[in-house]
Amino acid sequence: MKKTLLVIIIGIIMTSLFGCSENLVEGKCNIILSQDFGDKQIYDEKLEFTKNTTVMELMQSNLDVKIENEFVDSINGIKSEYSEENKLGWFYYINGNLAQVGSENYYLKPGDDVVWDYHTWENEIYISSIIGSYPKNFTNGYDGKILKTEILYSEEFEKDTDRLYNYLKDNGVDDLVKRDINKGYDYDEKINTIFIGTWSEISKIENIKDIYNDKKGELFFKINNKVEVLDCSKNKAKEFEKAAVIASLPKGYSTLSNIWVVTGNDEDMIKKALNILYENPQKIKGKFSAIVTEDEILNIPMVR
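Residues numbered from 1 in each chain as written. Predicted model: local features only at pLDDT ≥ 70, side-chain atom pairs only at ≥ 80, totals over all residues. Heavy atoms only, no water.

1. A few points about the overall build of the chain
Moving on, step 1. Helix and strand content of the chain: seven helices and 19 strands.
Moving on, step 2. The principal-axis extent of the C-alpha atoms belonging to the chain is close to 90 × 50 × 35 Å.
Moving on, step 3. Residues counted as buried form 51% of the 304 residues belonging to the chain.
Moving on, step 4. Nonlocal contacts in the chain, meaning residues at least 24 apart in sequence, comprise 63% of its contacts between residues at least 6 apart.
Moving on, step 5. With 37 positive and 51 negative side-chain charges, the chain shows a separation of 4 Å between the mean positions of the two kinds. (Helix = DSSP H or I, 4+ residues; strand = E, 2+ residues; numbered from the N terminus. Buried < 20%, exposed > 50% of the residue type's maximum accessible area, 1.4 Å probe, protein only. Contact = heavy atoms within 4.5 Å. Lys, Arg positive; Asp, Glu negative; His and termini not counted. Charge placed at Lys NZ, Arg CZ, Asp CG, Glu CD.)

2. Looking at the sheet that holds strand β3 (residues 65-68)
Moving on, step 1. Strand order across the open sheet formed by three strands is β3-β4-β5, with antiparallel pairing between neighbours. Strands at the two margins of the open sheet, each flanked by one partner only, are β3 and β5 (78-79).
Moving on, step 2. Looking at chain direction, β3 and strand β4 (residues 71-75) are connected through four bridges and run antiparallel. Its bridge partner lying in β4, Lys 66 is registered against Ser 74. (Pairing = 2+ DSSP bridges.)

3. Brief notes about the packing of aromatic side chains
Moving on, step 1. As enumerated under the stated definition, the model contains 16 aromatic pairs in all.
Moving on, step 2. Centroid distance Phe 37 to Phe 288: 5.9 Å. Interplanar angle 85 degrees. Geometry classified as edge-to-face. Pair noted here: Phe 37 is in the loop between β1 (25-35) and β2 (40-50) and Phe 288 is in the loop between α7 (267-279) and β18 (289-292), with a separation of 251 residues, a long-range link.
Moving on, step 3. For the ring pair Tyr 82 and Trp 121, a centre distance of 5.7 Å and an interplane angle of 5 degrees mean the geometry is stacked. Here Trp 121 lies in the loop between β9 (113-120) and α3 (136-139) and Tyr 82 lies in strand β6 (residues 81-82), a separation of 39 residues in the sequence.
Moving on, step 4. Judged by relative accessible area, which is 64%, Tyr 82 ranks as exposed.
Moving on, step 5. Among the aromatic residues, those joined into a ring-pair cluster are Tyr 134, Phe 138, Tyr 167 and Trp 260.
Moving on, step 6. The residue whose ring lies beneath Lys 178 is Tyr 165, and the NZ or CZ to ring-centre distance is 5.2 Å.
Moving on, step 7. Above the ring of Phe 220, the side-chain terminus of Lys 234 is found at 5.1 Å from the ring centroid. (Phe/Tyr/Trp six-rings, centres within 6.5 Å; stacked < 30°, edge-to-face > 60°. Lys NZ or Arg CZ within 6 Å of the ring centre and 35° of its normal.)

4. Things to note about the side chain of Asn 299
Moving on, step 1. Mapped onto the secondary structure, Asn 299 falls in strand β19 (residues 297-300).
Moving on, step 2. Under the relative-accessibility criterion, Asn 299 is labelled buried at 6%.
Moving on, step 3. Of note is the side chain of Asn 299, whose polar atom sits 2.8 Å from the backbone oxygen of Phe 37.
Moving on, step 4. One polar contact links the side chain of Asn 299 to the main-chain amide nitrogen of Phe 288, over a distance of 2.9 Å.
Moving on, step 5. Setting aside residues up to four positions removed in sequence, Asn 299 forms contacts with Asp 36, Phe 37, Gly 38, Asp 39, Lys 287, Phe 288 and Ser 289. (Polar contact = N/O pair within 3.5 Å; in protein donor to acceptor, adjacent residues only side chain to side chain.)

5. Brief notes about the confidence of the model for the chain
Moving on, step 1. For the chain, the mean per-residue pLDDT works out to 90, and 92% of the residues sit at or above 70.
Moving on, step 2. Scored below 50 in pLDDT, residues 4-21 shows zero contacts in the model against residues more than four places distant or in partner chains. (pLDDT = per-residue confidence, 0-100.)

Written as structure tokens, this is what we have:
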């Protein structure tokens, strides 16, 4: 009788342990809700999740999410619209990359940053790479796929590049190289590339030049003698005598690799932008791209 009772007790304990292991916390992720291409943040929380939890499961456990026809209809009362007057919806990003699957099919990884942004898509401009999850773009990657990263810099920014290199190394970017931009750039969609230099240098790079001149491209600034900030329709919204830009764009269609540019029309402003990346990355949290001026850091594309 005693042996039987002991076997039953051990069985209960083992069952309890197994049941608990199924619900052990896998990790935390940061959920951000924003509007107008990162211009306004309305929610920012780090949430725990268990193994095999999807983005949608975590969202529905912590937020008021409504689904219609397999699409997100509203989050916390902010409703998608589709009419002749308005085309507004929710788009989500994992560690800076526009998600390539529905939120019910993406399984969270520890440390993931998930940005949901509510914005217009009436101009058929789809922004597929953002800076607001930095440095997770490079340290965590998309769906756990961490790519090699290269930093190409012009020599006047060598010291700041060294600091950026050390920051990324310290935060877990193991496969990382840096070299002088004059030694050439080999286009490779399996590598993230960070370009650092004045716009007169960066604008000569062929694929950046093509996207810059594309009306539907993902760069929302113009640099000549001054720096123009653009809205989502590529119209000028603001102008600065001196400024720097931190922006990100995909290397190709449906690729997981990105090009980052840290550039501008003034050397001191570019160094100030670099300082943000290795000293104060929180200043660009949730932003799609950023204009760095003497007085402020603005999100772009700008909302009028």
